[in-house]
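What follows is each chain in one-letter form.
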Amino acid sequence: MSDELADVFRREAGRCTATLIRVLGDVDLAEEAVAEAFAIAAARWPETGVPPNPGAWITTTARNRAIDRLRRESTRTDRYLAAHRLEEGDMPSDDPTGRELDALVEVVPDDQLRLMFLCCHPALAPEAQVALTLRLLGGLETPEIARAFLVPEATMAQRIVRAKRKLRDNHAPYRIPSAGELPERLRAVLAAIALIFTEGHRATSGDEAVRTDLSEEAIRLARVLVELMPDEPEAIGLLALLLLTDARRPARFDADGALVRLSDQDRSRWDRAKVAEGHALVRACLRRGRPGPYQLQAAIAAVHADAPTAADTDWGQVVALYDHLLRLQPSPVVALNRAVALAERDGPDAGLVALDELDAAALDRYAPFHASRAGLLLRAGRAAEAVTAFDRALELTTNPAERRFLSAERATAAAAAHGT
Amino acid sequence: MAHYLLSVWHDDEYEVDFTTPEAQRIGPQVGAFNEELQAAGAWVFADGLMPASSATVVKPQGDGLVVVDGPYAEAKEQMGGFWVIDAPDLDAALEWARKAARACEQPVELRPMQVV
């Protein structure tokens, strides 16, 4: 029963909170009311069973609790008025059943989209956007979010409180941005979801290399976004990218917990269902003819997934996709990835030439730059230089699995350097 | 509707000189922005400030007050001017802030005001 409640919570908390914020006009009040409703459910459902529409049950119960609370605490006129307004609203007030509930949840999808845009408001710093998204849409408790991002609980609590207060003090509107604002605002939402996934996929520190919960939550949020914005190819592209990347998870670490390079992964261990779904989504979004950064990254992941072994990879296609991506998103990191693909197509020397043309100052603190360069130097027979580059990469890497991988590679390079 | 402060920030000590080509370009831009604010009913008040070196600080000390040379914040960036606007919400205020930053070609900080 508690598992079932946990499932309902995971599925419905964000949706219920989203609707209650609209109805109550206050984030904190909505959160408290939803938490109270789940507590009531935990006490009642073991006897009565889970209602046919648990989300609507929670939303309605939460709303009723909020009205009660406002009445109890209404020392100020506006609170009386707020409670009064709620009662006159079109939501069912007594123990909800059947049709009333269906009518109620019909308005919910838009609410969740409103909440995504609110949580990812560009007035908030990215780390606050991510924290608020996980808290309000993912229904994660603050200590869970703090653990996931390896910051002290008090720090995370303060981050969330401040973000909520900033939105309230600034009178942030609870609505879907206008057509003119939408592209920029959507980019922020996509970036926040991608950031949640990346944090789960490649932990920057801590012993648990992959924090599966965050990756799964990011995929769930991307799915919700695609449902809510089915005509947005970049949303579909993001979901495809996350699925295709996550599909590799079972093969990303060896028995000792060291990171396994894409080229060395046992591809039979890739999650076929996720690959298939990701593939279908890539095809669906690219057909729309409005390619964007997430669609192109997903297409690159799809080319890798197409190859039964690393040697079968169509590197020409990968380089072409990176060229396209670089035109849309001219960043040093994209240029780095393109150079690495180029090395696979034309050999390590060509890759090193491409790396030399990059903005070394911008990439100097980016560990993958030094790791990639070290790998190419080793393959090009420049072992001593490779050792230096591996050392620099190790200085910048905290993830234990990545460190194990880099240390092993460095040892190979050092042995080669001594041999010559 | 809520009031917001849009403040303009300068990186360094600046001169108030309306004859420079820069000032000649920015002046009319800011003028047009002010007219747009007024036409939309969003204008409350606005003005530019004399340089921060002209500031004087009065601060409580013990039972009394002391007057010292300003500015108060020893920062490289100082406020050079501001608008107080009336806007329905953050997104509308941000739209005004974008227009303000384009007009004055300087960073503009948006900050909600307390409802007094």
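What comes next concerns the included structure.

How each quantity is defined
- Residues numbered from 1 in each chain as written.
- Chains lettered and ligands numbered in written order.
- Predicted model: local features only at pLDDT ≥ 70, side-chain atom pairs only at ≥ 80, totals over all residues.
- Heavy atoms only, no water.
- Helix = DSSP H or I, 4+ residues; strand = E, 2+ residues; numbered from the N terminus.
- Buried < 20%, exposed > 50% of the residue type's maximum accessible area, 1.4 Å probe, protein only.
- Contact = heavy atoms within 4.5 Å.
- Areas by Shrake-Rupley, 256 points an atom, 1.4 Å probe, with all protein chains shown as cover.
- Core = buried A, V, L, I, M, F, W, Y, C linked by side-chain atoms within 4.5 Å.
- Phe/Tyr/Trp six-rings, centres within 6.5 Å; stacked < 30°, edge-to-face > 60°.
- Lys NZ or Arg CZ within 6 Å of the ring centre and 35° of its normal.
- Pairing = 2+ DSSP bridges.
- Buried area = accessible area lost by both parts, 1.4 Å probe.
- Salt bridge = Lys/Arg side-chain N within 4 Å of Asp/Glu carboxyl O.
- Polar contact = N/O pair within 3.5 Å; in protein donor to acceptor, adjacent residues only side chain to side chain.
- Nonpolar A, V, L, I, M, F, W, Y, C, P; charged D, E, K, R; others polar.
- Axes fitted to C-alpha atoms, helices over the stretch in contact; angles between N-to-C directions.
- Parallel < 35°, antiparallel > 145°, perpendicular 65-115°, else oblique.
- Left-handed = near helix turned anticlockwise from the far one by under 90°.
- Lys, Arg positive; Asp, Glu negative; His and termini not counted.

### A closer look at the overall build of chain B
Right, on to step 1. Tallying secondary structure elements over chain B gives two helices and six strands in all.
Right, on to step 2. Shown N-terminal to C-terminal, the secondary structure of chain B runs as helices and strands in the order β-α-β-β-β-β-α-β.
Right, on to step 3. With respect to the principal axes defined by its C-alpha atoms, chain B has extents near 45 × 40 × 20 Å.
Right, on to step 4. Buried positions account for 33% of the 116 residues belonging to chain B.
Right, on to step 5. Taking all contacts inside chain B whose residues are at least 6 apart in sequence as the whole, residues at least 24 apart take part in 76%.
Right, on to step 6. With an accessible surface of roughly 7400 Å², chain B has 56% of that area assigned to carbon and sulfur atoms.

### Points about the nonpolar core
Right, on to step 1. In terms of nonpolar packing, the biggest core is built from 151 residues, with Ile58, Leu115, Ile193 and Leu225 of chain A together with Leu6, Trp83 and Ile85 of chain B touching the most fellow members.
Right, on to step 2. Sequence-distant contacts of Leu6 of chain B, that is, excluding residues within four places in its chain, are made with Phe33, Gly81, Phe82, Trp83, Ile85, Ala93, Trp96, Ala97, Ala100, Val108, Glu109 and Leu110 of chain B.

### Some words on the packing of aromatic side chains
Right, on to step 1. Applying the stated criterion to the full structure yields five aromatic pairs over all chains.
Right, on to step 2. With a centroid separation of 6.1 Å and 40° between ring planes, the pair formed by Phe45 of chain B and Phe82 of chain B is classed as tilted. Highlighted residues: Phe45 of chain B in strand E2 (residues 43-48) and Phe82 of chain B in strand E5 (residues 78-87), separated in sequence by 37 residues.
Right, on to step 3. The partly exposed category is assigned to Phe45 of chain B, whose relative accessible area is 44%.
Right, on to step 4. For Phe82 of chain B, a relative accessible area of 18% corresponds to the buried category.
Right, on to step 5. Members of the aromatic cluster, connected to one another through ring pairs, are Phe33, Trp83 and Trp96 of chain B.
Right, on to step 6. The side chain of Arg248 of chain A reaches across the aromatic face of Trp270 of chain A, ending 5.7 Å from its centre.
Right, on to step 7. Just above the ring of Trp96 of chain B sits the side chain of Lys99 of chain B; from NZ or CZ to the centre is 5.1 Å.

### Overview of the environment of Gln158 of chain A
Residue and element names in this part refer to chain A.
Right, on to step 1. If you trace the backbone, Gln158 turns up in helix H9 (residues 153-169).
Right, on to step 2. Judged by its relative accessible area of 45%, Gln158 is partly exposed.
Right, on to step 3. When the C-alpha positions of Gln158 and Pro293 are compared, they lie 33 Å apart, and in sequence the two are 135 residues distant.

### With respect to the pairing of strand E1 (residues 2-10) of chain B
Residue and element names in this part refer to chain B.
Right, on to step 1. The pairing of E1 with E5 spans nine bridges and is classified as antiparallel. From the neighbouring strand, Ser7 faces E5, where its bridge partner is Phe82.
Right, on to step 2. The pairing of E1 with strand E6 (residues 108-112) spans five bridges and is classified as antiparallel. Note that in E6 the partner of Tyr4 across the bridge is Pro112.

### Notes on the interface of chain B and chain A
Right, on to step 1. Chain B puts eight residues into the contact, and the matching count from chain A is eleven residues.
Right, on to step 2. Taken over both partners, the interface formed by chain B and chain A buries close to 900 Å², and the fraction arising from carbon and sulfur atoms is 52%.
Right, on to step 3. Arg175 of chain A is the partner of Asp89 of chain B in a salt bridge, and the nearest nitrogen-oxygen pair spans 3.0 Å.
Right, on to step 4. At the junction of chain B and chain A, the tally comes to seven residue pairs in polar contact (both at pLDDT 80 or more).
Right, on to step 5. Those elements that place two or more of their residues in the side of chain B that touches chain A are E1 and helix H2 (90-104) of chain B.
Right, on to step 6. When residues of the side of chain B that touches chain A are assigned to their parent elements, the largest contribution, four residues, is made by H2 of chain B.
Right, on to step 7. Taken together, the residues of the side of chain B that touches chain A sort by class into five nonpolar, no polar and three charged.

### Concerning the packing of helix H1 (residues 2-24) of chain A against helix H3 (residues 54-73) of chain A
Residue and element names in this part refer to chain A.
Right, on to step 1. Where H1 meets H3, the closest approach of the two axes is 9 Å, and the angle between their N-to-C directions is 40°. Put simply, H1 runs oblique to H3. Along this stretch, H1 crosses H3, giving a crossing that reads as right-handed. Together, Val8, Arg11, Glu12, Cys16, Thr19, Leu20 and Leu24 of H1 and Pro54, Gly55, Ile58, Thr59, Ala62, Arg63 and Ala66 of H3 make up the contact between the two elements.
Right, on to step 2. Residue classes in the contact of H1 with H3 are distributed as eight nonpolar, three polar and three charged.

### Points about the side chain of Arg267 of chain A
Residues and elements named next belong to chain A.
Right, on to step 1. Structurally, Arg267 is set in the loop between helix H12 (233-246) and helix H13 (272-286).
Right, on to step 2. Here Arg267 occupies a buried position and makes no salt bridge, while the nearest side chain of opposite charge, Asp312, is found at 7.3 Å.
Right, on to step 3. Not counting residues within four places of it along the chain, the set of residues in contact with Arg267 comprises Leu262, Arg272, His304, Ala307, Pro308, Thr309, Ala310 and Thr313.

### Regarding the sheet that holds E6 of chain B
All names here are of chain B.
Right, on to step 1. Read from one edge of the open sheet, four strands run E2-E5-E1-E6, paired in antiparallel fashion. Looking at which strands have only one partner, the edges of the open sheet turn out to be E2 and E6. This sheet shows a mean twist of 20° between the axes of neighbouring strands, independent of strand direction.
Right, on to step 2. Direction of pairing for E2 relative to E5: antiparallel, over a ladder of five bridges.

### Details of the side chain of Asp89 of chain B
Right, on to step 1. Assignment of secondary structure puts Asp89 of chain B in the loop between E5 and H2.
Right, on to step 2. By relative accessible area, which is 9% here, Asp89 of chain B ends up buried.
Right, on to step 3. A polar contact is formed between the side chain of Asp89 of chain B and the backbone nitrogen of Ala92 of chain B, at a distance of 3.0 Å.
Right, on to step 4. Beyond its immediate stretch of four places on either side in the chain, Asp89 of chain B contacts Asn170, His171, Pro173 and Arg175 of chain A together with Tyr4 of chain B.

### Regarding the packing of H1 of chain A against helix H2 (residues 27-48) of chain A
All names here are of chain A.
Right, on to step 1. Where H1 contacts H2, the axes come no closer than 9 Å and their chain directions differ by 145°. Like other packed secondary-structure pairs, H1 and H2 cross with a definite hand, here right-handed. Taking contact as the criterion, the partners of Leu5, Val8, Phe9, Ala13, Cys16, Thr17, Leu20, Ile21 and Leu24 in H1 are, on H2, Val27, Leu29, Ala30, Glu31, Val34, Phe38, Ala41, Ala42 and Trp45.
Right, on to step 2. Grouping the amino acids of the contact of H1 with H2 by side-chain chemistry returns 16 nonpolar, one polar and one charged.

Nothing here speaks to function; it is geometry throughout.
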